Amino acid sequence: MLNFNLLPAGSLSVHYLGARGRGDKKLRGLKDGKSPLKVVAIDGDLRVLHENSVHFDSELPDFRTQGGVHIHADRLTVTSPVLMWVKALDLLLDKMKGAGLDLSRVRAVSGSGQQHGSVFWRRGASETLKQLDPDQNLHQLLQDSFSVSDSPVWMDSSSTQQCDNLQAAAGGAMRLAEITGSRAYERFTGNQIAKVHQNRAEEFQDTERISLVSSFAASLFLGCYAAIDHSDGSGMNLLDIRTRNWSQICLEATAPHMDRLLGAPLPSTSVLGPVSSYLVQRCGFSESCSVVAFTGDNPASLAGMKLQQGDVAVSLGTSDTVFLWIQQPRPALEGHIFCNPVDQQAYMALLCFKNGSLTRERIRNECSGGSWEIFSAALRDTPLGNDGHIGFYFDTMEITPPAVGVHRFDSADTEVSSLCPQVEVRALVEGQFLSRRLHAERLGYSIISGTRVMATGGASSNQEILQVLSDVFNAPVFTIDLSNSACLGSAYRALHGLVVESGVSFSDVLKKAPEPQLVATPASCSQGVSGPGDITDVLVPADPLTWGTSGSTRLSVTHLGTPSPSHPSPQLPPQGSVFL
């Protein structure tokens, strides 16, 4: 997935704009998803005006992809044709011009790409980028510019041996997580690069630069190699997330000459330079249009969700995903910590839980006759803390933590084979959200005054489920739409990139962005999930694969969510000093 996002001229440019509020002032965001490359246009008030897209499978059938990828015979190797991404941009730029979008008014460009994917540029490609002929399409001009024609992407899981090698070189999985924010994962870029180096030596020898999908896309706009940004670079198992530079230990364990092949990483808010003369001449971009560093789709989504310090976003889908804004990271063997894409002093974390909505639906079917109404009534009719009953429901092998099986406990800490239907419903939902919160706090997340929980996904339409979420996190819950979050996030980042050197915070530039909808607030007696007169204990296994045996222990969680003193909000600089 690639995402491209454009910020046009007007009231949002420091140096090149007319009066605020004119109808021709627009923000534009482009998103290249796992199957489409998408464009979204929003006006000066950050409202969506226009959308367009290019679908890989249907509009670029010559590349013979399914869902934008090639799944190889081993079912582990998954790649995407680089030239397909380039040709998709050609088509999308044509569609934008055909729709009457005035590209000469674009003042800044940013974007995002699927995390972990890599692009291998052939020797001599840098000179090709600098001398692009505006009379030809990009895919024609760049057809011989890639040493590896099919790029490894996030779905690939064929680099297990390389993961083992990297962890051994770093001093173990936990030490690697402490350095890079994650233990070794097959899809992470460093391990994919190591595999190419070991298995495709000739192609690797012919490579002069390795880009992430995001920095590759930025390079197409710059007409030269774009730097990898800190946030997307955090998803490679190569970047030291504290120094925000490459880890020499990890580079040396991956392949030779990695410093030169990757280039120096830069802050995600960096302005990389102006758009290429090729785009000026061929598409009508202004010579003064700036390219702001592109980033990964997950960091861009954090920006699009408009998360702030202390916020958490919970996507309640087939799998549940948790996005976190954190200040003091504590890497673990589960979850990922990345550099924050909009605040150079902060971090973000990502947690994925496989047993989400399908598990909730199973308990609904077994305990509520398949009725969400009865399921919701059970949550309304049972007390916070469930009188000490709790359950852990891992129908399939969980990711966070790596555990499987169903384990129920009564108020006396005794594992039981069943609970009554209403109690089981609450045991499931409270247990799921307590797990989300505890694993988030293990990574360094903490609830502060002003913390918001942003909920999205199918289960975010269930008021009673959201009420439990609010009670567990002891924070108000808002609903948000994630459908364009990466795309909009990069459009917002383009705007921020133009003014960040003036000291303007990311939240300050989003004053006119649509506000999320408040849907639940913590019960007045709630400090996290609590039973009568006390905080509910949370069962945590000494070994997550031996839950329910003598290896299980109880961890007492007290005063969950006690707010800290409020901090004053930064003031937006006077309008004339930033925007006019």
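Note that the structure is predicted; figures quoted are calculated from it, not measured.

**Thoughts on helix α19 (residues 485-499)**
Think of an α-helix as 3.6 residues a turn; residues three or four steps apart then line up on the same face.
Next, step 1: If you check α19, its first and last C-alpha atoms are 21 Å apart, about what 15 residues at 1.5 Å a residue would give, namely 21 Å.
Next, step 2: Burial within α19 is extensive, with 14 of its 15 residues counted as buried.

**Describing the pairing of strand β8 (residues 118-122)**
Each regular strand displays side chains that alternate between the two surfaces of the sheet.
Next, step 1: Counting buried positions along β8 gives four out of five residues, so the element sits mostly inside the fold.
Next, step 2: Bridge count for β8 against strand β10 (residues 207-212) is five bridges, and the pairing is antiparallel. Each bridged residue has a counterpart across the sheet, and for Phe 120 the counterpart in β10 is Ile 210.

**Side note on a nonpolar patch on the surface**
Next, step 1: A surface patch of nonpolar side chains, about 250 Å² in accessible area, is lined by Ile 71, Trp 154 and Met 155.
Next, step 2: Tracing the backbone shows Met 155 in the loop between β9 (150-152) and α5 (160-170).

**Topic: the packing of helix α14 (residues 297-304) against α19**
Next, step 1: With their axes 7 Å apart at the nearest point, α14 and α19 run at an angle of 75° to one another. If you check the angle between α14 and α19, you find them roughly perpendicular. Only Ser 485, Ala 486, Leu 488, Gly 489, Ser 490, Tyr 492 and Arg 493 of α19 make contact with α14, whose side of the interface consists of Asp 297, Ala 300, Ser 301, Ala 303 and Gly 304.
Next, step 2: Considered class by class, the residues forming the contact of α14 with α19 number five nonpolar, five polar and two charged.

**Digging into the sheet that holds strand β22 (residues 415-416)**
Next, step 1: Within the open sheet, the three strands sit side by side as β20-β21-β22. Their pairing is antiparallel. Of all strands in the sheet, those bounded by a partner on one side alone are β20 (390-394) and β22.
Next, step 2: Bridge count for β20 against strand β21 (residues 405-409) is five bridges, and the pairing is antiparallel. By the bridge assignment for β21, Phe 392 is matched with His 407.
Next, step 3: Contacts between helix α17 (residues 421-442) and the sheet are confined to β20 and β21, with β20 contributing the most and set at about 75° to the helix.

**Re the confidence of the model for the protein**
Note that predicted coordinates carrying low pLDDT should not be read in detail.
Next, step 1: This prediction gives the protein a mean pLDDT of 84; 83% of its residues lie at or above 70.
Next, step 2: In the predicted structure, residues 6-34 sits below a pLDDT of 50 and forms 133 contacts with residues beyond four places in sequence or in another chain.
Next, step 3: Predicted confidence is poor over residues 530-580, with pLDDT under 50, and the contacts of this stretch with residues over four places away or in other chains come to 102 contacts.

Conventions used here
Residues numbered from 1 in each chain as written. Predicted model: local features only at pLDDT ≥ 70, side-chain atom pairs only at ≥ 80, totals over all residues. Heavy atoms only, no water. Helix = DSSP H or I, 4+ residues; strand = E, 2+ residues; numbered from the N terminus. Expected span 1.5 Å × (residues − 1). Buried < 20%, exposed > 50% of the residue type's maximum accessible area, 1.4 Å probe, protein only. Pairing = 2+ DSSP bridges. Patch = residues over 30% accessible without salt bridge, like charges linked within 9 Å, V, L, I, M, F, W, Y side chains within 5 Å. Areas by Shrake-Rupley, 256 points an atom, 1.4 Å probe, with all protein chains shown as cover. Salt bridge = Lys/Arg side-chain N within 4 Å of Asp/Glu carboxyl O. Axes fitted to C-alpha atoms, helices over the stretch in contact; angles between N-to-C directions. Parallel < 35°, antiparallel > 145°, perpendicular 65-115°, else oblique. Contact = heavy atoms within 4.5 Å. Nonpolar A, V, L, I, M, F, W, Y, C, P; charged D, E, K, R; others polar. pLDDT = per-residue confidence, 0-100.

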